[in-house]
Amino acid sequence: MRELTVLYDAHCGLCRRFKDWLAAQRPASNGEGGVVRLRFVAAGSTDARALYPGLDHEATLREVTVVADDGSVYVGDRAWIVCLWATGEHRHTAVRLASPAMRPVARAMVQAAAGLRRLTGGDYADGCDGRCDREG
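What this report covers is the structure whose coordinates are included nearby. Along each chain, numbering runs from 1 in the same order as the chain's sequence is written. This being a predicted model, a pLDDT of at least 70 is required before a residue's local features are given, and a value of 80 or more before pairs of side-chain atoms are given or counted; all residues contribute to the totals for chains, interfaces and linings. The side-chain values count all of the structure's non-hydrogen atoms but skip hydrogen atoms and water molecules.

1. As for the sheet that holds strand β1 (residues 3–8)
Thinking step 1. For two strands to be treated as a pair, DSSP must find no fewer than two bridges joining them. What counts as a helix is a DSSP run of H or I of at least four residues, what counts as a strand is a run of E of at least two, and both are numbered from the N terminus. The strand order across the open sheet formed by four strands is β2-β1-β3-β4, and the pairing between neighbours is mixed. A strand with exactly one partner marks an edge of an open sheet, and here the two such strands are β2 (37–42) and β4 (73–75). Shown here is a sheet whose adjacent strand axes are inclined to one another by a mean of 20°, direction ignored.
Thinking step 2. In this sheet, β2 lies alongside β1 in parallel orientation, the contact comprising six bridges. Across the sheet, the residue bridging to Leu 4 is Leu 38, located in β2. The axes used here are C-alpha line fits, helices contributing only the stretch in contact, and every angle between their N-to-C directions lies in the interval 0 to 180 degrees.

So this is what it looks like as structure tokens:
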């Protein structure tokens, strides 16, 4: 695996922060003498629809979705884990979270983050109060 494309909700402060944090990480080795490159594309965008016409683009706005250069698609906790795996510093954490014993923990973390995106039955992007974008 040489490249992962992260589809993220560009209208969500939490998603943008995750994208910025991930982009700032040192890439991990891909095991073939190179590194795992990360590319970021706004979910539901014209670019995303052109790159991946077979994806459910409405679903990519609800869950972080990652597409590998081999065509593999990761959603939800699997997407978060593969993003961590692509980083030099956090690969060991990703390997631990991917184990059967830790998957419930990874799933709970992703569900907690998704819960932050939902306000009164709507999507976070629609009802955002901007609190997560403020410093401090």
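2. A look at the nonpolar core
Thinking step 1. By nonpolar core is meant a set of buried Ala, Val, Leu, Ile, Met, Phe, Trp, Tyr and Cys residues that side-chain atoms within 4.5 Å join together. Exposure classes here rest on a 1.4 Å probe applied to the protein chains alone. A residue is buried below 20% of its type maximum, exposed above 50%, and partly exposed in between. Residues Leu 4, Val 6, Val 64, Val 66, Tyr 74 and Cys 83 are the most contacted members of the largest nonpolar core, which totals 13 residues.
Thinking step 2. Contributing elements (two or more residues each) for this core: β1, α1 (13–23), β3 (65–68) and α4 (77–85).
Thinking step 3. No other element matches α4, which puts three residues into this core.
Thinking step 4. Membership of the second largest hydrophobic core comes to seven residues, among which are Ala 43, Ala 48, Tyr 52 and Val 67.

3. Things to note about the environment of Arg 107
Thinking step 1. Residue placement: Arg 107 occurs in helix α6 (residues 103–117).
Thinking step 2. Looking at Arg 107, the relative accessible area reads 37%, which means it is partly exposed.
Thinking step 3. Sequence separation between Arg 107 and Arg 78 is 29 residues, and the spatial gap between their C-alpha atoms is 8.4 Å.

4. Describing the state of the cysteines
Thinking step 1. When two cysteine sulfur atoms lie within 2.5 Å, the pair is treated as a disulfide. Counted under the stated rule, the structure contains zero disulfides.
Thinking step 2. There is no disulfide at Cys 12, and the cysteine sulfur nearest it, in Cys 15, is 3.5 Å away.

5. Details of the pattern of salt bridges
Thinking step 1. The salt bridge definition used is simple: a Lys or Arg side-chain nitrogen within 4 Å of an Asp or Glu carboxyl oxygen. For the coordinates displayed, the defined rule picks out six salt bridges.
Thinking step 2. Among the salt bridges present, the one from Glu 32 reaches Arg 2, with a minimum N-O distance of 3.3 Å. With Glu 32 in the loop between α1 and β2 and Arg 2 in the segment before β1, this residue pair connects regions lying 30 residues apart in the sequence.
Thinking step 3. On the basis of relative accessibility, which here comes to 47%, the residue Arg 2 falls in the partly exposed class.
Thinking step 4. Connected via shared salt-bridge partners are Glu 3, Arg 37 and Arg 39.

Structural measurements only, silent on function.
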